[in-house]
Amino acid sequence: MTKYYIEHQKILVSVDCIIFGFEQNKLKVLLGHRPIDPGKGAWSLYGGFVRNEESVDEAADRVLFELTGLRNVYMRQVGAFGSVDRDPGARVVSVAYYALINVKDYDQKLLAEHHVEWVNIEELPEMFSDHKKMILKARKLMQQKIRTEPISFQLLPGLFTLTQLQRLYEAVNGEEVDKRNFRKRIKEMDFIEKTTLIDKTGSKRGAFLYRFNKNAYNEDSNFKL
């Protein structure tokens, strides 16, 4: 270990992962009960301390994989949370990340293994430390990003209806959108392709299924909602 900076106080660095999913027309986040003190039993995010041999981003990737078993997931940094008294156990600075996954891609066995569950973001419980603050900040970042980048498709299945897409936007933003204007704007985007497949789970008549064409988007990324 280096002999430098020995005169300075050592501070722990951790990462916390805010994992969003979309289910039953609701934006949800993976939460569990904290297994250790301080705060044992309190609702919390899933996280861990940064190891000596890894960067902060690598630590977040590791924690995300431990919880979901998924690789190559859309993930972005939310920011650092470093209030002096945020963790009664020690002086800890946490770097929060948010990730977007398709709920159906998540192995249900891992839910039980890690004792986590999907919680509606509109019904967040009281949580350990500043974890609720992290989630709310992540949601604000999503609300900004979803208007200019096609991140919503990270939360949807490969084939989706326009109603599903609309409900997702409403869930992220916490407000209804005008159906006619929304669909008009979507249909102007060449990279959201209408297929010949029909989803009849919602009605006998059914609804056309659409898909996101990433290659078409990369060629003409004029995305704004």
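Just so you know, these numbers come straight off a predicted model, no measurement behind them. (Residues numbered from 1 in each chain as written. Predicted model: local features only at pLDDT ≥ 70, side-chain atom pairs only at ≥ 80, totals over all residues. Heavy atoms only, no water.)

## Section: the packing of helix H4 (residues 162-173) against helix H5 (residues 179-187)
Thinking step 1. Taken N-terminus to C-terminus, the directions of H4 and H5 make an angle of 110°; their axes are 11 Å apart at the nearest point. Classified by the angle their axes make, H4 and H5 are roughly perpendicular. Read as a crossing pair, H4 and H5 show a hand that is right-handed. Between H4, through Leu162, Thr163, Leu165, Gln166 and Tyr169, and H5, the contact on the second element is made entirely by Lys179, Phe182, Arg183, Ile186 and Lys187.
Thinking step 2. A breakdown of the residues in the contact of H4 with H5 according to their chemical character gives five nonpolar, two polar and three charged. (Axes fitted to C-alpha atoms, helices over the stretch in contact; angles between N-to-C directions. Helix = DSSP H or I, 4+ residues; strand = E, 2+ residues; numbered from the N terminus. Parallel < 35°, antiparallel > 145°, perpendicular 65-115°, else oblique. Left-handed = near helix turned anticlockwise from the far one by under 90°. Contact = heavy atoms within 4.5 Å. Nonpolar A, V, L, I, M, F, W, Y, C, P; charged D, E, K, R; others polar.)

## Quick notes on the packing of aromatic side chains
Thinking step 1. Tallying each qualifying case throughout the model produces nine aromatic pairs.
Thinking step 2. Considering the side-chain rings of Tyr106 and Trp118, the 6.2 Å spacing of their centres and the 80° angle between planes classify their relative orientation as edge-to-face. Remark: Trp118 occurs in strand S7 (residues 116-120) and Tyr106 occurs in the loop between strand S6 (92-100) and helix H2 (108-114); sequence separation between them is twelve residues.
Thinking step 3. Here Tyr106 falls in the buried class, since its relative accessible area comes to 2%.
Thinking step 4. Aromatic pair Phe153 and Phe212: ring centres 4.5 Å apart, planes at 10°, arrangement stacked. One end of the pair, Phe153, is in the loop between helix H3 (131-145) and H4; the other, Phe212, is in strand S9 (residues 207-212), with 59 residues separating them in the sequence.
Thinking step 5. Aromatic rings pair up to connect Phe153, Phe160, Phe191, Phe212 and Tyr217 into one cluster.
Thinking step 6. For the cation-ring pair, Arg76 lies above Tyr74, with the distance from its terminal atom to the ring centre recorded as 4.2 Å. (Phe/Tyr/Trp six-rings, centres within 6.5 Å; stacked < 30°, edge-to-face > 60°. Buried < 20%, exposed > 50% of the residue type's maximum accessible area, 1.4 Å probe, protein only. Lys NZ or Arg CZ within 6 Å of the ring centre and 35° of its normal.)

## Concerning the layout of surface pockets
Thinking step 1. In this structure, the largest pocket occupies an estimated 540 Å³ of space.
Thinking step 2. The wall of the largest pocket is formed by 29 residues, among which Arg34, Ile36, Leu45, Gly47 and Gly48 lie closest to the centre.
Thinking step 3. Considering only residue class, the lining of the largest pocket consists of 13 nonpolar, ten polar and six charged.
Thinking step 4. When its volume is computed, the second largest pocket comes out at roughly 410 Å³.
Thinking step 5. Around the second largest pocket, the lining is made up of 20 residues, and of these Tyr74, Pro150, Phe153, Gln154 and Phe212 lie nearest the centre. (1 Å grid on protein atoms, 1.4 Å probe; cavity = no way out; pocket = protein on both sides within 12 Å on 5 of 7 lines; lining within 4 Å. Points joined across faces, edges and corners; volume = space filled by probe spheres on them.)

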